[in-house]
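Working through the structure, step by step
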Amino acid sequence: MGRTNLFLLLCVIMALLGVCLVKAEDAYKYYTWTVTYGTRSPLAIPQQVILINGQFPGPRLDVVTNDNIILNLVNKLDEPFLLTWNGIKQRKNSWQDGVLGTNCPIPPNSNYTYKFQAKDQIGTYTYFPSTQFHKASGGFGALNIYHRSVISIPYANPDDDFTLLIGDWYNTHHKKLRQTLDSGRSLAFPDGLLINGQAHTTFNGDQGKTYMFRISNVGLSTSINFRIQGHNLKLVEVEGSHTIQNLYESLDVHVGQSLAVLVTLNQPPKDYYIVASTRFTKKVLTTTAVLHYTNSASPASGPLPPPPAYQYHWSLKQARTLRWNLTANAARPNPQGSFHYGRITPTKTIVLANSAPLINGKLRYAVNKVSYVNPDTPLKLADFFNIPGIFSVDSIQSLPSNSGPSTIATSVVPSSLHDFIEVIFQNDETTMQSWHLDGYDFWVVGYGKGQWTPAKRRTYNLVDALTRHTAQVYPESWTSILVSLDNKGMWNMRSAIWERQYLGQQLYLKVWTAQNSYTSEYDIPKNVLLCGKALGHHP
Ligand SMILES: *[C@@H]1O[C@H](CO)[C@@H](O)[C@H](O)[C@H]1NC(C)=O
Ligand SMILES: *[C@@H]1O[C@H](CO)[C@@H](O)[C@H](O)[C@H]1NC(C)=O
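Residues numbered from 1 in each chain as written. Chains lettered and ligands numbered in written order. Predicted model: local features only at pLDDT ≥ 70, side-chain atom pairs only at ≥ 80, totals over all residues. Heavy atoms only, no water.

Per an unreviewed UniProt entry, the protein chain goes by the name L-ascorbate oxidase-like protein and belongs to Senna tora. Annotation of the protein chain in UniProt includes, under Sequence similarities (unreviewed entry), the sentence "Belongs to the multicopper oxidase family." (UniProt positions renumbered as here; feature names shortened; annotations may be inferred.)

In structure tokens form, the structure reads like this:
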């Protein structure tokens with residue numbers, strides 16, 4: 001019997017036992033990644049950064065829908081380390097999510113092998129370190145999921161595709177930035193903006209051909225605007241949603257978000273500036289890369305294409321033009337729109353208001369007046385081993401309250417598998433927000449100014465809103481999302497703005513059923529790392 005047949009037989013037997021994790025036809029991809037420090041000069045000043053296999057940013061992870069990823073991560077830093085896979089849904093598998101609520105961090109000189117599947121996803125994603133403010137020193141990278149050959153995508157295959165990881169950057173070491181935050185102060189404005197870890201990158205293309213640019217905001221705090229001199233951007237994908245293919249002169253990308261555009265090299269043969277600049281900041285940081293026509297006769301020359309209007313309203317209006325293409329395929333060969341999300345009545349509404357209180361004289365960030373702290377034991381393990389006293393399920397209320405002081409807690413919002421919830425991110429502050437949910441994508445159905453009220457539901461897009469994993473919230477505004485809670489597990493909901501996440505603007509959503517079967521969640525991994533009060537327990 002061939003290996004595949006043997007595997008199939010095993011799979012059938014295991015399926016009867018209810019533990020078949022993966023289908024035989026889905027490929028396995030093996031990686032070993034070693035995390036070290038190294039010296040780079042992204043802003044012309046040498047500084048210590050975090051490398052993966054010697055690379056800054058980390059290696060680009062190119063996989064195909066449904067691939068199984070077996071990735072052994074070896075930590076050679078002097079601090080515990082953990083990577084999270086931003087936008088990978090980890091179906092039934094929050095064990096592999098790589099945040100402190102689900103995983104113990106990997107101790108120095110030690111390793112952990114992640115095992116997860118890029119199940120039913122196509123699109124542009126990223127990974128990054130989730131703990132210790134490591135993200136400020138690197139360790140992030142691109143995670144691109146390509147379509148299977150049997151699935152058509154709603155655009156011609158581009159001639160090549162380029163990945164652009166764009167983000168604000170500090171010349172300061174993450175340990176120093178962490179000290180500032182730990183002492184209860186906010187970080188200063190970033191020192192610069194990088195594209196793929198550099199201030200100068202060149203992308204080469206042939207005149208007449210069409211290229212995909214996959215753009216992710218991997219920064220810590222700042223929204224960016226992206227544009228290419230002399231060229232239109234045709235938007236085709238946002239975090240796994242195939243969009244209506246509008247043309248844009250420039251696009252706003254908020255912290256933690258990703259999108260993909262097609263660019264046709266239909267201009268006279270020369271070099272053109274690719275520009276990213278910070279949005280809504282008093283001082284504007286700008287960085288450029290170059291789009292080089294292979295038959296180019298002259299270097300890129302100014303002026304740079306100007307940024308859009310500063311006004312939030314411009315950005316909000318653009319956000320409303322991002323729509324789902326209801327007739328395009330998703331990762332599976334069914335129309336994306338076959339699930340009529342707009343006709344389902346939510347089982348629960350949760351309004352989450354962010355704030356920046358002083359607690360014991362120190363700056364913290366909070367959700368409905370509760371500022372999150374990480375316990376020494378991951379919530380997921382505490383739940384699995386029945387270890388009491390690790391988290392509280394009643395600290396965060398479904399509605400913000402105006403009375404009482406802000407407190408510190410390890411807050412978990414309980415919910416039932418198959419609930420369909422409405423979450424409103426209410427931003428009463430004057431700064432931009434960006435909210436991310438692990439384990440899911442969600443429909444972003446509405447954006448509006450001021451206070452959300454139930455009457456605002458009349459303005460929702462209940463027909464062709466995008467699904468994505470990270471939604472921006474404009475200052476003194478709200479953003480509404482709908483989430484179908486079909487993925488059991490312990491899922492992090494957090495600010496993608498990294499100092500806010502670090503100082504408490506996050507919580508966990510426990511999606512739960514009493515039925516403890518493998519059909520709704522995988523078993524604890526054999527190689528699970530234990531820490532805190534989970535030490536000494538046996539998986
Ligand atoms: C560490 O790596 C070894 C192989 O080098 C592997 O066998 C082991 O399972 C890994 N440890 C964990 C906790 O995944
Ligand atoms: C939506 O997808 C379909 C199917 O691939 C495609 O033919 C169509 O052009 C797309 N529509 C828009 C408006 O982008």
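From this point, the narrative continues.
**Some points on the pattern of salt bridges**
In this structure the tally under the stated criterion is 17 salt bridges. For D62, the salt bridge identified is with R60, shortest N-O distance 2.9 Å. D62 gets classed as partly exposed once you look at its relative accessible area, which sits at 31%. Residue classification places R60 among the partly exposed positions, given a relative accessible area of 36%. (Salt bridge = Lys/Arg side-chain N within 4 Å of Asp/Glu carboxyl O. Buried < 20%, exposed > 50% of the residue type's maximum accessible area, 1.4 Å probe, protein only.)

**Let's talk about the site of ligand 2**
P154, I244, Q245, N325, T327 and A328 make up every residue found near ligand 2. Contacts to ligand 2 include Q245, whose backbone N or O atom sits 3.1 Å from an oxygen atom. At 2.3 Å, a side-chain N or O of N325 approaches an oxygen atom of ligand 2. The protein chains hide 51% of the 360 Å² of surface that ligand 2 would expose on its own. Along the lines of polarity and charge, the residues of the shell around ligand 2 split into three nonpolar, three polar and no charged. (Near = heavy atom within 4 Å. Polar contact = N/O pair within 3.5 Å; in protein donor to acceptor, adjacent residues only side chain to side chain. Areas by Shrake-Rupley, 256 points an atom, 1.4 Å probe, with all protein chains shown as cover. Nonpolar A, V, L, I, M, F, W, Y, C, P; charged D, E, K, R; others polar.)

**Some thoughts on the domain arrangement of the protein chain**
Under the domain assignment, the protein chain is made up of domain 1 (26-148), domain 2 (152-325) and domain 3 (335-534). Here domain 1 and domain 2 have C-alpha centroids that lie 22 Å from each other. Taken together, the contacts link 32 residues of domain 1 with 36 residues of domain 2. The largest contributions to the domain 1 side of the interface with domain 2 come from L43, T124 and F133, which together make up 23% of the buried area. Between the two partners, domain 1 and domain 2, sit three salt bridges. A salt bridge links E79 to R178; the nearest nitrogen and oxygen atoms lie 2.6 Å apart. Along the contact surface separating domain 1 from domain 2 lie 17 residue pairs in polar contact (both at pLDDT 80 or more). Residue assignment for the side of domain 1 that touches domain 2 shows that the elements contributing at least two residues are β2 (47-52), β7 (123-129) and β8 (141-146). (Domains from an automatic or database assignment. Contact = heavy atoms within 4.5 Å. Buried area = accessible area lost by both parts, 1.4 Å probe. Helix = DSSP H or I, 4+ residues; strand = E, 2+ residues; numbered from the N terminus.)

**Points about the sheet that holds strand β35 (residues 506-512)**
The mixed open sheet is built from five strands, whose spatial order is β27-β35-β34-β29-β32. With partners counted over all chains shown, the strands left at the sheet margins are β27 (412-416) and β32 (470-473), one partner each. Pairs of neighbouring strands in the sheet enclose a mean axial angle of 20°, with direction left out of account. Note that β27 and β35 share five bridges and pair parallel. (Pairing = 2+ DSSP bridges. Axes fitted to C-alpha atoms, helices over the stretch in contact; angles between N-to-C directions.)

**Points about the site of ligand 1**
Around ligand 1 sit N72, N111, Y112, T113, N527 and L529, and that is every residue in its neighbourhood. Separating an oxygen atom of ligand 1 from a side-chain N or O atom of N72 is a distance of 2.9 Å. In the model, an oxygen atom of ligand 1 is placed 2.8 Å from a nitrogen or oxygen of the N527 side chain. Residues belonging to the shell around ligand 1 are distributed by class as follows: two nonpolar, four polar and no charged.

**Observations regarding the environment of N72**
Mapped onto the fold, N72 is located in strand β4 (residues 68-75). Each C-alpha atom, one on N72 and one on I274, is 35 Å from the other, the two residues being 202 residues apart in sequence. Excluding its chain neighbours within four sequence positions, the residues that come into contact with N72 are Y31, T32, W33, N111, Y112 and T113. For N72, the side chain forms a polar contact with the side chain of T113, separated by 3.2 Å.

**Points about the state of the cysteines**
Put plainly, two cysteines are in a disulfide when a covalent bond ties their sulfur atoms together. Across all of its chains, the model carries one disulfide by this definition. A disulfide bridge connects C104 with C531, and the sulfur atoms are separated by 2.1 Å. Residues C104 and C531 are joined by a disulfide whose S-S torsion is about -85°; by sign, that bridge is left-handed. Taken together, the residues span a long stretch of sequence, with C104 in the loop between β5 (83-86) and β6 (110-117) and C531 in the segment after β35 at a distance of 427 residues. Like C531, C104 is buried. (Disulfide = S-S within 2.5 Å.)

**Quick look at the packing of aromatic side chains**
Following the criterion strictly, the structure yields 30 aromatic pairs and no others. Through successive ring pairs, a cluster of aromatic residues spans Y31, W33, W85, Y112, Y114, F116 and Y127. Lying over the aromatic face of W498, K135 brings its terminal NZ or CZ to 5.1 Å of the ring centre. In this arrangement the basic side chain of K270 is found over the ring face of Y272, its NZ or CZ atom lying 4.5 Å from the centre. (Phe/Tyr/Trp six-rings, centres within 6.5 Å; stacked < 30°, edge-to-face > 60°. Lys NZ or Arg CZ within 6 Å of the ring centre and 35° of its normal.)

**Topic: helix α3 (residues 312-321)**
Within α3, the full set of buried residues consists of S315, L316, Q318 and A319. The buried residues of α3 all sit within an arc of 160° when viewed along its axis, so they share a single face. (Arc of directions from axis to C-beta.)

**Topic: helix α2 (residues 174-182)**
Every buried residue of α2 is accounted for by H174, L177, R178, T180 and L181. Within α2, the buried residues cover an arc of 155° as seen down the axis, which keeps them to one side. Seen from the buried face of α2, the exposed residues on the opposite side, beyond 90 degrees, are K176 and Q179. Those residues of α2 that are buried are in contact with β1 (28-40), β2 and α5 (498-502). Note on α2: the residue one or two positions beyond its end, G184, has a positive phi of about 90°.

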